[in-house]
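# Descriptive structure summary
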Protein chains: 2
Amino acid sequence: MAGGSTQWQGRSVISKVVSLLDAFGPSTPELSLSDLARITGLPVSTTYRLAAELVEWGGLERADGAGYRIGMRLWELGTLAPRAGTLRTVALPFMQDLYEATRENVHLAVRDGIEALYVETIAGRGSVRTRSRRGGRLPLHATGVGKVLLAHAPPDVLHAVLDAGLHRYTPHTISTPGHLRRALADVRRTGIAYAREEMSGGSLSVAAPVTAADGVVVAALAVVRRSGRVDLRRLAPAVRTAALSASRALQERAGWAPAPSRTGEATIHSH
Amino acid sequence: MAGGSTQWQGRSVISKVVSLLDAFGPSTPELSLSDLARITGLPVSTTYRLAAELVEWGGLERADGAGYRIGMRLWELGTLAPRAGTLRTVALPFMQDLYEATRENVHLAVRDGIEALYVETIAGRGSVRTRSRRGGRLPLHATGVGKVLLAHAPPDVLHAVLDAGLHRYTPHTISTPGHLRRALADVRRTGIAYAREEMSGGSLSVAAPVTAADGVVVAALAVVRRSGRVDLRRLAPAVRTAALSASRALQERAGWAPAPSRTGEATIHSH
């Protein structure tokens, strides 16, 4: 831990707190004190003191046994994030309608840096299992919602996506810049994005943009279903209808402001 | 601001960060720099520096204009809270079923200190408008979910609730300790809680407990509908069924641990 101590010389307390919180993730929802010290590189004594202060506040909770986990106070603050909490509250009734009409998975995502961040998911009971979970991230170039968000993002976002490389998740993933540019132009022209087994085999997606009052695309709504002998285009009107309804409801809601433009992976967790 | 500066002498940086985040709430989702300095009592220069660090991390975001708001990174961390995110993910399909069967409001709440904290709400389109919002808090003694949570809480929670006083929201609110104790005994005996215009006029609630593997009540599930000529007891089997299904799904989910026992208002936001 001495090395960790040295490494943190001169770093601000806030950056230590942030590194402590950032240690938690979907695969590490509960961490012991020694896990936390190891992941952050902080001395155990510092880790213990900071964690204790966060527990007192409610941002962390003690789990059964000796572990720590994210606490209710952080969850509660998170519900106040306009780009997730408010958006989701406004969009959910229309997502429910879309679910009732299709009985398939319904997803709502925003762009954060060069990834799609899922702010709400309704899982269709009999539908295909997807890799998207609420609070989860998936790449922009390989998902329906991602292509909608990328098609309407500033040009530097596309550059950052191309710089990061178009990872090929399946044989159907778009993996060349030219192909991606043409696909995004189609999305802008038609107002709809399709993804056909591009993220994982066996699932198809139809996505449409959700726009704020100034016409800025702030989110994407999608239906994701099992692949098979189905004309995906038949789902498009339902998805577009729900996305337009959600957009209108969002625009009618006073005080809702669209996302600040953030680009590039470097700005996602820069600390 | 000089007074604020003096007031914060000797306080830890983490407590300043926490006070900055705590300034945000349902009625103050967006705050200017001067709002933040005024609410926290911190000097403007300190407020600016801390806010800038939080923006760089993603815990706060700059809004259009000059304001700050809760950022996506805090929302994302919040989804990892087992008592909200995991619970809600597991319970949502059964809440949807309950909504489809009743077409009324469906609420899921946990206890935090001496309040009910709403972790998920489905709003029935034609149903009564309620005062519960996701991330919102309501008193334990005046709501259906609250009575379920209070009935199964450690005795010191009831003492803390009584010490805080049984505020009378409507003429039907339970406002004497004896009446409340009898009502809670009924809830434990029958496995169901009713609230009849006890929080706000015009709405009725039927609530049932959600239990973890060890039989500990970790949440309450409720249907809230418009009052009128309706036998509320007819809704009870549907609510209990959904709550039992959610409990079973929760118990089947490995690694899910119930809430640490927290009691008394003093521990809610003690910093």
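This section reports on the structure supplied with the text. (Residues numbered from 1 in each chain as written. Chains lettered and ligands numbered in written order. Predicted model: local features only at pLDDT ≥ 70, side-chain atom pairs only at ≥ 80, totals over all residues. Heavy atoms only, no water.)

### Here we look at the overall build of chain A
Helix and strand counts for chain A come out as ten helices and nine strands. The 271 residues of chain A split such that 59% are buried. Within chain A, counting contacts between residues at least 6 apart in sequence, those at least 24 apart form 58% of the total. About 11,100 Å² of surface is accessible on chain A, with carbon and sulfur atoms providing 51% of the total. (Helix = DSSP H or I, 4+ residues; strand = E, 2+ residues; numbered from the N terminus. Buried < 20%, exposed > 50% of the residue type's maximum accessible area, 1.4 Å probe, protein only. Contact = heavy atoms within 4.5 Å. Areas by Shrake-Rupley, 256 points an atom, 1.4 Å probe, with all protein chains shown as cover.)

### With respect to the relation of the copies chain A and chain B
Overlaying chain A on chain B yields an RMSD of 0.1 Å, the required transformation being a rotation through 180° with an accompanying axial translation of 0.0 Å. Both copies are brought into coincidence by an operation consistent with a two-fold rotation axis. Among all residues of chain A, the minimum C-alpha distance to the rotation axis is found for Gly78 of chain A, at 2.8 Å. Most of the interface of chain A is mirrored in chain B: 100% of its interface residues are interface residues there too. (Least-squares fit on C-alpha atoms with pLDDT ≥ 70 in both.)

### With respect to the environment of Ala52 of chain B
Residues and elements named next belong to chain B. Assignment of secondary structure puts Ala52 in helix α4 (residues 44–57). The class of Ala52 is partly exposed, set by a relative accessible area of 34%. For the pair Ala52 and Arg181, spaced 129 residues apart in the sequence, the C-alpha separation amounts to 50 Å.

### Notes on the nonpolar core
Counting residues in hydrophobic clusters, the biggest one holds 115 residues, and the most contacted among them are Leu108, Val210 and Leu221 of chain A together with Leu108, Val210 and Leu221 of chain B. When neighbours within four sequence positions are excluded, Val210 of chain A is seen to be in contact with Leu108, Val216, Val217, Val218, Ala219, Ala220, Leu221, Ala243, Ala246, Ser247 and Leu250 of chain A. Formed by 29 residues, the second largest nonpolar core is a distinct cluster that contains Ala109, Val161, Ala193 and Ala222 of chain B. (Core = buried A, V, L, I, M, F, W, Y, C linked by side-chain atoms within 4.5 Å.)

### Let's talk about the pattern of salt bridges
A full pass over the atoms with the stated rule returns 38 salt bridges over all chains. A salt bridge links Arg83 of chain B to Glu61 of chain A, with the shortest nitrogen-to-oxygen separation between them at 3.3 Å. One end of the pair, Arg83 of chain B, is in helix α6 (residues 82–102); the other, Glu61 of chain A, is in strand β2 (residues 60–62), on a second chain. According to the relative accessible area criterion, Arg83 of chain B is buried, its value standing at 4%. Ionic contacts of the salt-bridge type, sharing partners, join the residues Asp22, Arg83, Asp112, Glu115 and Arg137 of chain A together with Glu61, Arg69, Arg73 and Glu76 of chain B into one network. (Salt bridge = Lys/Arg side-chain N within 4 Å of Asp/Glu carboxyl O.)

### Quick notes on the side chain of Lys147 of chain B
Structurally, the position occupied by Lys147 of chain B is in helix α7 (residues 144–151). Non-local contacts of Lys147 of chain B, meaning those with residues more than four positions away in its chain, are made with Leu140, His141, Ile174, Leu184, Val187, Ala193, Tyr194, Ala195 and Glu198 of chain B.

### Here we look at the interface of chain A and chain B
One frequent convention defines the size of an interface as the accessible area lost when the parts assemble. Taken together, the 67 residues of chain A in the interface contact 67 residues of chain B. Between chain A and chain B lies a buried interface of about 5,700 Å² when both sides are counted; carbon and sulfur atoms form 57% of it. Where chain A meets chain B, there are ten salt bridges. Here chain A is connected to chain B by 14 residue pairs in polar contact (both at pLDDT 80 or more). At the level of secondary structure, the elements contributing two or more residues to the side of chain A that touches chain B comprise α2 (13–22), α4 (44–57), β2, β3 (68–70), α5 (72–78), α6 (82–102), β4 (105–112) and β5 (115–122) of chain A. Looking at the side of chain A that touches chain B element by element, the count peaks at twelve residues for α6 of chain A. Tallied by class, the residues present in the side of chain A that touches chain B amount to 33 nonpolar, 14 polar and 20 charged. (Buried area = accessible area lost by both parts, 1.4 Å probe. Polar contact = N/O pair within 3.5 Å; in protein donor to acceptor, adjacent residues only side chain to side chain. Nonpolar A, V, L, I, M, F, W, Y, C, P; charged D, E, K, R; others polar.)

### Quick look at the packing of helix α2 (residues 13–22) of chain B against α4 of chain B
Residue and element names in this part refer to chain B. Where α2 contacts α4, the two axes come as close as 11 Å, and the packing angle between them is 80°. Taken together, the axes of α2 and α4 are roughly perpendicular relative to one another. Between α2 and α4, the contacting residues are Val13, Lys16, Val17, Leu20 and Leu21 on the first element and Thr46, Thr47, Leu50, Ala51 and Leu54 on the second. (Axes fitted to C-alpha atoms, helices over the stretch in contact; angles between N-to-C directions. Parallel < 35°, antiparallel > 145°, perpendicular 65-115°, else oblique.)

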